Structure formats: C-alpha cells, structure tokens
There are 2 protein chains.
Amino acid sequence: MAKNLTQQLIEQHLVSGKMHPGEAVKLKIDQTLCQDATGTMVMLEFEALGFPRVKTELSAQYVDHNLIQADFKNADDHLFLRSASRKWGIWFSRPGNGISHAVHMACFGVPGKTLLGSDSHTCAGGAMGMLAMGAGGLQVALAMAGLPFSLVMPEVVGVEVTGKLPPWVSAKDVILEMLRRYDVKGGVNKVFEYYGPGLDNLTAMDRHVIANMGQEMGATASVFPADEKVRAFLRQQGREEDFVELKAEEGAQYDQREQIDLSKLEPMIACPSSPGKVVTVREVAGKPIYQSYIGSSANPGLRDFVIPAKMVEGKKIPEDISLDINPTSRQLLEEISRTGDLNSLLQAGARLHQTGCNGCIGMGQAPASGRISLRTVPRNFPGRSGTKEDQVYLCSPETATASALAGKITDPRDMDMDYPAFTEPEKLDDMRPLMLGPQDTSNEIPVELEKGPNIQPLPDFEPLSEQLSGPILLKAGDNVSTDEILPAGTDILPLRSNIPAISHFTFSRIDEDFYQRAKKHGGDCFVIGGDNYGQGSSREHAAIAPRYLGVRAVIAVSMARIHRRNLINFGIVPLLFKQAADLARLNQDDQLEFEDLPSQLQNGNTVQVKLANGKTLEVIHNMSDEEVATVIAGGLINEVRKEAGG
Amino acid sequence: MAKNLTQQLIEQHLVSGKMHPGEAVKLKIDQTLCQDATGTMVMLEFEALGFPRVKTELSAQYVDHNLIQADFKNADDHLFLRSASRKWGIWFSRPGNGISHAVHMACFGVPGKTLLGSDSHTCAGGAMGMLAMGAGGLQVALAMAGLPFSLVMPEVVGVEVTGKLPPWVSAKDVILEMLRRYDVKGGVNKVFEYYGPGLDNLTAMDRHVIANMGQEMGATASVFPADEKVRAFLRQQGREEDFVELKAEEGAQYDQREQIDLSKLEPMIACPSSPGKVVTVREVAGKPIYQSYIGSSANPGLRDFVIPAKMVEGKKIPEDISLDINPTSRQLLEEISRTGDLNSLLQAGARLHQTGCNGCIGMGQAPASGRISLRTVPRNFPGRSGTKEDQVYLCSPETATASALAGKITDPRDMDMDYPAFTEPEKLDDMRPLMLGPQDTSNEIPVELEKGPNIQPLPDFEPLSEQLSGPILLKAGDNVSTDEILPAGTDILPLRSNIPAISHFTFSRIDEDFYQRAKKHGGDCFVIGGDNYGQGSSREHAAIAPRYLGVRAVIAVSMARIHRRNLINFGIVPLLFKQAADLARLNQDDQLEFEDLPSQLQNGNTVQVKLANGKTLEVIHNMSDEEVATVIAGGLINEVRKEAGG
C-alpha cells in the first residue's frame, strides 16, 4: 500500500509496535534538542540516569529562554549546561545565538531524521521533512541515552494545499485558519501532513511557522515534504549535501483529509486568551493597542522581520506604542543589519531586544495594565505575557506592524501601500563556528559539572502505594495549560533547576493558596481537571512540582499528550472521567480513596474511586502496560535505575 | 579677578547667596532631565505641588532604566510618564531611544546652561561646558516649576590636562586615575574643572566619560570648556548653531590645583566593590573572568563600541565568556549597524542587548556566582549587578574586550595587534523626531495622567515633633551607598512609584530583617552611619522609604551631598558625629531621645542626644536656616504647599 510521508518516517524508525492508529509504538530517535529552561532538568536527569555519553546521531543544547539574568541563577545555569554539553558530547549553543527551533533547523536539520526536543515547539522541524516532536525532559534524556521513544501511533491528516497566498496574507494566517478549524485540541494524536501544489508557494521558513503552531492544535507533529524549497533552504545554510528528497508515495492514503486554498485566505487573529479563538482581523479591527511584538519561534523567518521593516520604512510609530523586535538568531540579526532593514525598524521607533524567546515566555516586554498586545508568538494563554489579565492577540507580522503604525488593530490590506517584495538571500552566515561542538572522545578529559547554588538534585519519589487517600486539593477548569500549572516568567523560570524552590509557584496563576494548602496538608492529594488538561508547553516541572507537593493522581475529562506522559514519568497517575458529567460529582476538599490502585491499573482500564459519601465513582485510564509499570514504580527514573541495577 | 569657568557659570545663574566656598547659593536652572526610575516620583511630586506646566527652558523625560517589563508595572510607568510629559510640556523620549545623559547631550545640551537631573550622573553634561548636577527628584520637580536650586558653593579644583593618551589607554583610564587619587569622597563639595592643552586630544564624548564618573568622587560637578571639540560634537548632531565658546578667563584662580599628564597613564581598573579601589590592570591580570560588559553612561561614545568591534573582528570569544553589548542610544545602534561594527561584534559571539542602562543598574546580565565581571559602567557597589557577593571590576572598553578575548583579565597593551584607529563621523542621526515634543500651549487640550494600579500617591509626612525618641534600628558601616539603602534591580525598580511596596526592601541588601523590625516597632526610630553615608545614585526613595518606615534622623560620620539633601527634603534630620570616635558609643537597639529638637536645630549647630544610659552625646548639623525650616516642616512638599496655601 502506498505510504504517506509520516508513515514512511515512522516505519524507518520503528523499534517496536504496530503502525495502527491508537496503538503504542517505539521509535528510534536520531537527534535531540533542549532549551535552557527545560535543559537544566534534562541534564540533571541524564546525570541521575548515569549514562556516560549521548548515543544519538546529534544532540544539541540551546540557551534561548532564561536570558535576563536578574541574579546569578540564569548565568549559573548557562555555565552548567555548557559543562554538561562538554561532558556528554552535546552541541552547545551560547546565549545570543538564538531560538532553538530555528537555529537547529539551520545548523542541524536533516530531512528524514527523527528529532525529539524538550520544548513543545520542537515540532517546527517538520517543516523540512523531519519527524519532529516535543516531549517531557526525561524522555529526551532517555533518547539522548539511545533509548527509543514511546508514543501512540497517530492518525495522519492529509492537508492538501492549493493556490497562492494573496498580498498581505502569510504563513501565520494559514496556521491561524487551521486553528480556527481545529481549536486547541482538534489535533490530539494526529499528525498533520501537508502536500499539494500550493507548497511551491511556501518556503521552508513559511512551513516552519505552520509546523511550529501545529502544537497549538495538540498535534503530535506536522510533516512537510523535503522538496526543492527545502533544498534551497539547506543551500542557503551551506548544507545542500544534507538534502534528501522525501514525499508521500503516489496514491498514499490518509486517515483523514483536509483542504486549504491559500488564495482564499485573509489576515486572521487569535483573540485573548487562547490560540484557538481565531477570527478575521477585520472582525476586531479598530481596537486601540499598546504593543506589537515581532519574533519568536512562531514567526522566525527573515521575511518576518524584513516585511515589517519595509512596511515602516520612512514612517514613525506613535510614541505610546511599543514595537518590540525580537531577533530569532544571530544569523538573522546579522542579515537585517547588513541589509539596512534593522535601521528601517530603528528609525521608525522600534525597540530592538536581545536574540531569543524573550517576551514569548514572559521574559520581559509585558504589556501595560488592561492594554492590548499583538504578538507573532504561538501562544496567548492567560498571564503568559507576565501581566495578569492580559489581552494578547496572535497574528502575522504584517498585521502586527500595520497595527503598530495605526495604533489600533488593523488589517494590513487596509494600509495605503503595495505589499513589499521579499527575496530569500542566496547565503546566510554559518552559526556553527559559534557553538561548542561535541569533543573528540579519543582525546577526552573528564569534565566536572559546574553547579551553582541554585542547581539542586532531582527529588526522589517513592513507588505507588497500595492504598491511596487524600483530599482533592484543586478542581481546575477546561484547557488549563502548563503555564497555569507552573508559570514561566522572569521570577519563576530561573528556578527550573531547583524543584523545592519552584514548587512554591505550583498553580499560582489560578489559585494563589495552592502551595500553602499543599504544605499544610503535607501528604497525598489529588487534582481534578476539565477538558484538555495540561495543554501548551512541554515543561515537566508542571508534573514534578505537583508530585513534589504530594499530588498522586489527576482525574480530568481529557489530557494533552506531552503533559499526560510527564505525569506518568514522575509517578502521577493520569485518570480520565468516563463521561464529562462525572466532573460535577467531585469538588475541592472532597476526600478520595483508592484501594489496591496498582492492581486496578494492571487489571484493565477501569479504576474505582471511593468518595467521601461512601459512593464509588468509576474512572478510566488509557495507559499502556509499560506506562502502568512506570507509574507504579514511581516514575521513569526509578524504573531505569532499577533496570540498570538489576 | 579673573574667573574660572565654574565661577562664570555659577555667577550667570546666581539667584541669591555669595560665591564663597561653603556658603549656600541658589541657582537658576535652565534645563532638567529625569529618567524613568526616578521620574515617576518626580512627576507625582510635580502633581502634588500643583504647578500647571514646567517653567524651565527645556525639561526632558527619558525611559532608560526600567526596560525589562517583567509585568505591567514598567509599561504602566512608561505610559504615565508620557502622559505627564504631554500634560506639563516636557520632552518625552520613548523606550529604546537610549540613556538619558548621552541622549540629552546629543539632542539638547547647550554650553553655558545649567542642567539639573534626577540621576546622579547628570553631571556628565559638564563635558560640553554646562553646569550639570544630579539632585533628588523633589528638587528637580521644583526646578521644573521654575524655583531656584540650593547648593553649597563648591571649591573649584583646576585640573590641568597635558599630553596625549598612549595607544590602548582611553578616557576611562583618566577618570579611574582621578578616582585612584581622590577615592569615593575626595570630591565632596568640589567642582573639578578641566583645562589645558591635553584637552585637544579628548573629544566631547571622551570628556563625557570623565565628567560622568566625577560623581564617583562625590563631586558636585565636573566642568570642561566649550571649545572646538564641543563645536565638532554639536556639528555632528546637526546643532552647530547651539555652540557658544566658553573657557576660564586668562589667569583664573582655582581653590585647589591638580595635574594630569595623559601620556603617562596606563590601563587602570577599579576592584570590587568600590569605584575607588583602583589599581593598574597589570596588578590583577590573569584572573579568569565570566563576563565583559560594554556600555552605560560611563562609556557611551561611539568609539567605546567601535574599538571593541575592531578588536574582536575575525576572532571568537570563548563560549563560556559573556561579552554583553549595551548600546547607548538609537543613534549609536544605527551607526554601528551601518558601519558593520555591529556585525563584527555579533560574529565574534557578543550578545546584543536593548538600548539603555540595563545591567548597570541590575536590570539583567547579572554575573554567575563567584565569577568575575568586567564592566565599563560607573559603579561596582556590592550586589548592584544583581548577584550577591559579586565581583565586578570597572575598566575601559579596551580592557574589557581584551579580557573577553583572553578569558582572563588582560592589559590591552598585551594583545598582539595594533591599536585600532577611530574617526568620528561627520554626521549622526537626529533622535528628536522620535521624541514627543512639548505641546503647543495655544492649542492645548487637557491631558489626563495615565496611572496604572502600581502608581500610588506620595505618602504624607507630619512635621518634626518637639520630643523624639526611639531605638537605633540599624548601625551601618562606612561608604553605605543608596544601592544598599534601597536596592535597584529587576524586582525592586518597578516599585519606584509605590512607596508602601518598595519600602519592604529598605536596607535589604545589608540587613534582611530591617523592614520586619521597623514594622514591628511601628514608630519613630533612627539609623546610624559611618563615613560617606548615602554615596552613589540620587534615588530619593533611599530617603522616602526609610521615612515611611519611621526613620526620623540619621547620625553619620559624613554624608554624600545628594542623599543628605534628600533626607532633608523628606523630613529626616541629617546629623553628624563631632568626631568619628563617637560612633562607638552607639549600638543597634539603643534608645535615643531628643528634646526640643526643632529649637535645638534652629539655635546653632549642636544637638544634644540623650542616651539610654542617661548620658548625653553632642552631635552637630550643617544645615542652612532654610534647610532647618524644611526638615522641621516635615519636608519640602509640606513647605511648598504651605507657602502656596498661605
């Protein structure tokens, strides 16, 4: 049977399992990437697991999140990551080199390879024919050690792309249109595979925009063919020899089909506070704004900066509007400096920030109280900008720039100018000379890990006990993101390598007393969630910190893929309501009791919970046998250590 | 009698008093400047005073300190400052335009004018023949209202400059040599007036470096002649018409004389943690470093960035060294982008940060634990970098760059290369089009002040009571800076417009329990200080927050000029020990009692303090009658309000 590209990629990396949607499969991982906010924990895990060196074809560690350095913590972490990279044979990309996803694609991306990253937007690598997925840090640590990655075999949605984007409409509007159709969980356990003649009109970096925000639909991955556009991209990066042509076989089948005609699209915008609340820009045009933010992994291409530069050339941004420019990479900043586009932005009044993730993860550039911020970033979860009750809209660079010039939300088609032309340059600067490469092992000298005082070892967690009882410490609503379970931002991100310290902020964005209640209770407890619990960022701290505070099970209506797996990895039992209506039977402070929980999990998919009123509620789990074993062991580290010991 | 330039400048602005060193004089102020960290309070004060519009020739408000925006507070402050500027006829410079002192000099500096600024480095304006001084915010607010500025008539130190700087030695080494000679209080109540043939070899921006850090010697001001170098600077800024030639009269006298031969200087460096701990670079060469920091008001010139760029061209900085580039202004960033120097820095591995004060005031870029940071900034007070127990050295851009390349402290003369040539460009971009100018009053529409939730009114303070008693809540050591009385940094700076909130951090860097003790005590109390109490930054919060917590008098061995006046402005009595040995008679928690304090202050310079053991200690004050009246009224705002009401 003719295979689509996703099936080819999975088949070529299949270690075990059958390629039937919904069944567990294990895949060989060729490459891994980490960013610094999750990477310190990955390195601590890799150390705890005791492996001497990475076994992947290539692993890379980027520093792009924690760049503010309000005190010693971030700087210490950077030095720790450098020492760990040197010790274990990992590429290390220094602060200032840029955002992991774009830099990895430029320096190391190879069509046909699998890439696992401790950042949910790792999926951006699908732009060049890779099977690229985000995962919890511990799974990335295991992949670095050469162990296969387990996932549920996804359904493949074939998205046929036709037509050509009209002026002022760009790749961001394509993925916003997809989000309008699928919302934030329509992509769960799916891979979106794009094909068709319209792709000839989308560059590799345009596809990066679309693949990146596939994550926002909850998708496992997004996959594009490796075609002439990918070859051109690799040529520009001085790596044409890494090109391999890849595409779906003639007559390939898809589990589901979707169609998108680029010529019919118009500028779209996601309203506060969900990437799925998409409307046309015209529907919200005219609202006064405070800020337009250009940058992030969701719009990292050169065109995403050059088009705004050409739009503002010779004009002035009103002085009460903040036009914030966040360069993707050293390469991009060098290029816009060389071409004069940087000066067009500066002369119009834009603020240039350091290269990196910055405001996208709440590291600065928070908007003023009650004011609207337009951003080209992938997410607008409540408070993620750093400002409580923020009003962040997601849109294209064209819409953000037109709005900055006008001081209000503006459809760029309503500007009185021609759509600027952009041509990709033939060549861009190679960033690899500014990275530390894996050391030659023949000449290896022992490297000491440099651990500053904020870098604390991972806590030990005990196995799942037979009897489990305790209160429901929190009942949360629908679509609770990992940003709400464990926020980012300038104060909290620097604590990522210190679980006791960061645990103070658990659920703080939705329930300021959670930490105090958990410490006061001091024992086993539970959390109840609604639909799509744990969407968003891959941060495993959203599992580790609750576990550290005593959370032993989460019962939700549904769960996001990466977070569900992070719960298992750290010994929290992920349970699901049989029907959404059961949610109403549980309330905060209710006592729950599980009897013989390990055997219940091992013997089928239903679990009985005793309620305080003496009644019993039946819930379900969807864990594989392996996952059940992991959660019973108290998490993956206990399990791997035990295997190594035995 | 022939007058030196300082005397001419003072005489031309003298409102009252005699020009005898040590006597109080009042001066007309032509121009004022504020930055945002002190400016929000200045604007709240200007509002509290009730004036309808500024009466200076020119007032300007810059946004250069609080640029990180971890949450809504900084952004709200920026909008508040813009609204206040519009309301009262003040130039408003948006975030991203750059550091107040350099931008003011470029856009508005005029030889012969007086400039008062709510930032201690306002003195940098002396580089172009201005009498430029830092002051507490309230005094700047009063100057904005057209009221004269009171100060003690300074002694004038005539510094004859001869010779020419050798290769690899630059203006920073000149002022470091002066600091080696005078230390951090050798300039108190002095103006350093530079003259002589050596000045032909120092550009206006070189002089800015020297004038800026005159503040670190405690000087009232530094003054340079307005000569052909100043004309060239104004021509470059497109303002040659503002040039006026100014110099000391033939045969002018000075109160004291100093001599500096540029040709004899070598690279100098100030060791942790005082700008006065100056040694030659060679004395500390070889120590491994973590960071080199280029930028700040102490090295803001184009050459200070171009020379480092030429030094690193074609080379790579080791990946464990952070070379942090902090552009001074939009103008400078545009210029180094245009010339390719920016790309030389980026290609060597430097990190480019946003334009502004940044790490100099602890807004990011904190060094790693226990690691050395080399900075071209003016100050290295303990913990100012954001890292407790930091090791910050102050040096020239040449020394910082040579050290970054080598990974250790390095005398730039030991590099194997020729000293790069630098020529000032004929023209630079005009920054004024990106500022909001004072509105045309004829066409004025009422402007509402935009106050976010963090912007709180100034607390009211009651007049000085007859009987005053309470405990010594803190006994501090020598050279306590305002950075230690009320720290800056990413967490605290955003609270500058909210006294109740910021008061939590009073003395937190040297005594973590101070706030708790003050709240527990809940009444009048005292602080004891050593030599040079209150040196450093002009932040009046270092007076307002202690006053808010009940501090009614400070007794010290000696006090820094700006802080002493800030104490008076907010009703804290500044007292001095008769002899340093008396310090030993007082200890933390001792009860002190003052009887009839107002009359004691009015009737001479001695004040009796009853000690807990029944004995009496005689201390002194050096306040003018006017200052005594202010402190008795409970501060300047009470006084001005009363005058306005009566």
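Residues numbered from 1 in each chain as written. Chains lettered and ligands numbered in written order. Predicted model: local features only at pLDDT ≥ 70, side-chain atom pairs only at ≥ 80, totals over all residues. Heavy atoms only, no water.

Engineer: Got a sec to walk through the overall build of chain A? Specific residues and values, please.
Structural biologist: If you tally the helices and strands in chain A, you get 21 helices and 27 strands. Computed over the C-alpha atoms, the radius of gyration of chain A is 24 Å, within 12% of the 26 Å expected from 2.2 N^0.38 for a compact globule of 646 residues. Considering only C-alpha atoms, chain A reaches an extent of 70 × 60 × 55 Å along its principal axes. Counting across all 646 residues of chain A, residues that qualify as buried make up 67%. Once local pairs closer than 6 in sequence are excluded, the contacts in chain A between residues at least 24 apart make up 78%. When the 64 basic and 82 acidic side-chain charges of chain A are each reduced to a single mean position, those positions are 1 Å apart. (Helix = DSSP H or I, 4+ residues; strand = E, 2+ residues; numbered from the N terminus. Rg over C-alpha atoms; globule rule 2.2 N^0.38 Å. Buried < 20%, exposed > 50% of the residue type's maximum accessible area, 1.4 Å probe, protein only. Contact = heavy atoms within 4.5 Å. Lys, Arg positive; Asp, Glu negative; His and termini not counted. Charge placed at Lys NZ, Arg CZ, Asp CG, Glu CD.)

Engineer: Break down the sheet that holds strand S26 (residues 606-611) of chain B for me, with residues and values.
Structural biologist: Residue and element names in this part refer to chain B. Reading around the circumference, S21-S22-S23-S24-S27-S26-S25 is the order of the seven strands in this closed barrel, with mixed pairing throughout. When strand polarity is set aside, the average angle formed by the axes of neighbouring strands in this sheet is 40 degrees. Both strand S24 (residues 573-577) and strand S27 (residues 616-620) contribute to a ladder of two bridges, which runs antiparallel. Looking at S27, one finds that Leu-576 is bridged to Ile-620. Packed on one face of the sheet, helix H16 (residues 514-521) meets strand S21 (468-475), strand S22 (525-529) and strand S23 (551-556) and runs near 165 degrees to S21. (Pairing = 2+ DSSP bridges. Axes fitted to C-alpha atoms, helices over the stretch in contact; angles between N-to-C directions.)

Engineer: Now, about the relation of the copies chain B and chain A: what can you tell me, with residues and values included?
Structural biologist: The pair of chain copies shares a relation made of a rotation about an axis and a shift along it. Laying chain B over chain A is done by rotating through 180 degrees and shifting 0.0 Å along the axis; what remains is an RMSD of 0.0 Å. Between the two chains, the operation in question is that of a two-fold axis. Both copies present the same face, since 100% of the interface residues in chain B are matched by interface residues at the equivalent positions in chain A. (Least-squares fit on C-alpha atoms with pLDDT ≥ 70 in both.)

Engineer: Describe the pattern of salt bridges, with residues and values.
Structural biologist: Across all of its chains, the model carries 90 salt bridges over all chains by this definition. A salt bridge links Glu-177 of chain B to Arg-180 of chain B; the nearest nitrogen and oxygen atoms lie 2.9 Å apart. Taken together, the residues span about one helical turn, with Glu-177 of chain B and Arg-180 of chain B both in helix H6 (residues 171-182) at a distance of three residues. Take Glu-177 of chain B: its relative accessible area is 7%, and that puts it in the buried class. On the basis of relative accessible area, Arg-180 of chain B is assigned to the partly exposed category, the value being 44%. Residue Asp-411 of chain B pairs with Arg-282 of chain B through a salt bridge whose shortest N-O separation is 3.5 Å. Placement of Asp-411 of chain B in the loop between helix H13 (397-406) and strand S20 (435-436) and of Arg-282 of chain B in helix H9 (residues 281-284) is noted, with a sequence separation of 129 residues between them. Linked through salt bridges whose partners overlap, the residues forming this network are Arg-82 and Glu-450 of chain A together with Glu-319, Asp-320 and Arg-371 of chain B. (Salt bridge = Lys/Arg side-chain N within 4 Å of Asp/Glu carboxyl O.)

Engineer: Quick one: what's the story with the environment of Ser-503 of chain A, residue by residue and with numbers?
Structural biologist: Residues and elements named next belong to chain A. Position of Ser-503 among the secondary structure elements: in the loop between helix H15 (499-502) and helix H16 (514-521). Distance from Ser-503 to Gln-391, taken between C-alpha atoms, is 27 Å for residues 112 residues apart in sequence. For Ser-503, the residues in contact, after removing those within four places along its chain, are Tyr-515, Ala-545, Tyr-548 and Leu-549.

Engineer: Got a sec to walk through the interface of chain B and chain A? Specific residues and values, please.
Structural biologist: Taken together, the contact between chain B and chain A spans 55 residues of the former and 55 residues of the latter. Across the interface of chain B and chain A, roughly 4500 Å² is buried in total on both sides, 48% from carbon and sulfur atoms. Close ionic contact of Arg-371 of chain A with Glu-450 of chain B constitutes a salt bridge, the shortest N to O distance being 2.8 Å. Summed over the shared surface of chain B and chain A, the result is 35 residue pairs in polar contact (both at pLDDT 80 or more). Elements represented by at least two residues in the side of chain B that touches chain A include exactly helix H3 (72-88), helix H11 (330-339), helix H12 (341-347) and strand S17 (351-352) of chain B. Taken together, the residues that form the side of chain B that touches chain A break down as 25 nonpolar, 15 polar and 15 charged. (Buried area = accessible area lost by both parts, 1.4 Å probe. Polar contact = N/O pair within 3.5 Å; in protein donor to acceptor, adjacent residues only side chain to side chain. Nonpolar A, V, L, I, M, F, W, Y, C, P; charged D, E, K, R; others polar.)

Engineer: Can you lay out the domain arrangement of chain A for me, pointing to particular residues and giving the numbers?
Structural biologist: All names here are of chain A. By domain assignment, chain A separates into domain 1 (5-264), domain 2 (268-413) and domain 3 (468-643). At the interface, ten residues of domain 2 touch 14 residues of domain 3. Interface of domain 2 and domain 3: buried area, both sides summed, is about 890 Å²; carbon and sulfur atoms make up 56% of it. For the interface between domain 2 and domain 3, the tally reads two salt bridges. Of the residues assigned to the side of domain 2 that touches domain 3, the class counts are four nonpolar, three polar and three charged. (Domains from an automatic or database assignment.)

Engineer: Explain the environment of Met-43 of chain B to me, using residue names and the numbers behind them.
Structural biologist: All names here are of chain B. Looking at where Met-43 falls in the secondary structure, it is placed in helix H2 (residues 36-49). Owing to a relative accessible area of 1%, Met-43 belongs among the buried residues under this scheme. Residues Met-43 and Gln-591 lie 548 residues apart in sequence; the distance between their C-alpha atoms is 38 Å. Setting aside its immediate chain neighbours within four residues, Met-43 contacts Gln-61, Phe-80, Leu-81, Ala-84, Trp-88, Ile-90 and Met-144.

Engineer: So what's going on with helix H18 (residues 561-569) of chain A? Which residues, and what values?
Structural biologist: Among the nine residues in H18 of chain A, nine count as buried, and that is most of the element. Following H18 of chain A by one or two positions, Gly-571 of chain A has its phi on the positive side, about 80 degrees.

Engineer: Please give an account of unusual backbone geometry that cites residues and values.
Structural biologist: In this model, Pro-272 of chain A is joined to Ser-273 of chain A through a cis peptide bond whose omega is -5 degrees. Following the sequence through the fold, Ser-273 of chain A ends up in the loop between strand S13 (268-270) and strand S14 (278-280). Unusually for a residue other than glycine, Asn-479 of chain A sits at a positive phi of about 55 degrees. If you trace the backbone, Asn-479 of chain A turns up in the loop between strand S21 (468-475) and helix H14 (482-485). By relative accessible area, Asn-479 of chain A is classed as partly exposed at 30%. Within the chain, Asn-358 of chain B stands out as a residue other than glycine whose phi angle is a positive 45 degrees.

Engineer: For the sheet that holds strand S11 (residues 221-223) of chain A, give the residues involved together with the corresponding values.
Structural biologist: All names here are of chain A. Spatially, the four strands line up as an open sheet ordered S11-S10-S9-S12, and their pairing is parallel. Two strands in the sheet have a free side with no partner beyond their single neighbour: S11 and strand S12 (256-261). The sheet shows a mean angle of 20 degrees between the axes of neighbouring strands, direction not considered. Bridge analysis of strand S9 (residues 155-162) against S12 gives six bridges, and the strand direction is parallel. Looking across to S12, one finds that Val-159 is bridged to Glu-258.

Engineer: Before we move on, can you summarise helix H10 (residues 303-312) of chain A with the specific residues and values?
Structural biologist: Residues and elements named next belong to chain A. Counting buried residues in H10 gives nine out of ten residues, a clear majority hidden from the surface. Inspection of H10 places Arg-303, Asp-304, Phe-305, Val-306, Ile-307, Pro-308, Ala-309, Met-311 and Val-312 among the buried residues, and these make up the whole buried set. The inward-facing, buried residues of H10 contact helix H7 (204-212), strand S15 (291-295), strand S16 (322-326), helix H11 (330-339), helix H12 (341-347) and helix H13 (397-406).

Engineer: Requested: an account of the layout of surface pockets, with residues and values cited.
Structural biologist: Residues and elements named next belong to chain B. Of the volumes computed, that of the largest pocket is approximately 1000 Å³. Around the largest pocket sit 40 residues that line it, and Gln-139, Ser-150, Leu-151, Arg-565 and Glu-627 are the ones nearest its centre. Contributing elements (two or more residues each) for the lining of the largest pocket: strand S2 (24-27), helix H5 (137-144), strand S8 (149-152), helix H18 (561-569), helix H20 (625-633) and helix H21 (636-645). A breakdown of the residues in the lining of the largest pocket according to their chemical character gives 18 nonpolar, twelve polar and ten charged. (1 Å grid on protein atoms, 1.4 Å probe; cavity = no way out; pocket = protein on both sides within 12 Å on 5 of 7 lines; lining within 4 Å. Points joined across faces, edges and corners; volume = space filled by probe spheres on them.)

Engineer: Just give me the short version of the state of the cysteines, but keep the residues and values in it.
Structural biologist: Any covalent bond linking the sulfur atoms of two cysteines counts as a disulfide. Under the defined criterion, the tally for this structure stands at zero disulfides over all chains. Here Cys-271 of chain B stays free of any disulfide, with the sulfur of Cys-395 of chain B as its closest cysteine sulfur at 11 Å. (Disulfide = S-S within 2.5 Å.)

Engineer: A description of the pairing of strand S6 (residues 114-117) of chain A should follow, citing residues and the corresponding values.
Structural biologist: All names here are of chain A. Taking every second residue as pointing to the same face, both faces of S6 are buried, with Thr-114 and Leu-116 on one and Leu-115 and Gly-117 on the other. Where strand S3 (residues 31-34) meets S6, three bridges bridge the pair, whose relative direction is parallel. Note on S6: the bridge partner recorded for Leu-33 is Gly-117. The pairing of S6 with strand S7 (residues 131-134) spans four bridges and is classified as parallel. What sits directly across from Leu-115, in S7, is Ala-132.

Engineer: Break down the packing of aromatic side chains for me, with residues and values.
Structural biologist: All told, the structure shown has 18 aromatic pairs over all chains when counted by the stated rule. When the ring of Tyr-195 of chain B is compared with that of Tyr-254 of chain B, the centres are 5.3 Å apart and the planes differ by 5 degrees; the resulting orientation is stacked. Of the two residues, Tyr-195 of chain B is situated in strand S10 (residues 190-195) and Tyr-254 of chain B in the loop between helix H8 (228-236) and strand S12 (256-261); the sequence distance between them amounts to 59 residues. A relative accessible area of 22% means that Tyr-195 of chain B is categorised as partly exposed. Cluster of aromatic residues (ring-pair linked, three or more members): Phe-46, Phe-51 and Trp-88 of chain A. Across the ring face of Phe-72 of chain A, the terminal group of Lys-73 of chain A is positioned such that the distance to the ring centre comes to 5.7 Å. (Phe/Tyr/Trp six-rings, centres within 6.5 Å; stacked < 30°, edge-to-face > 60°. Lys NZ or Arg CZ within 6 Å of the ring centre and 35° of its normal.)

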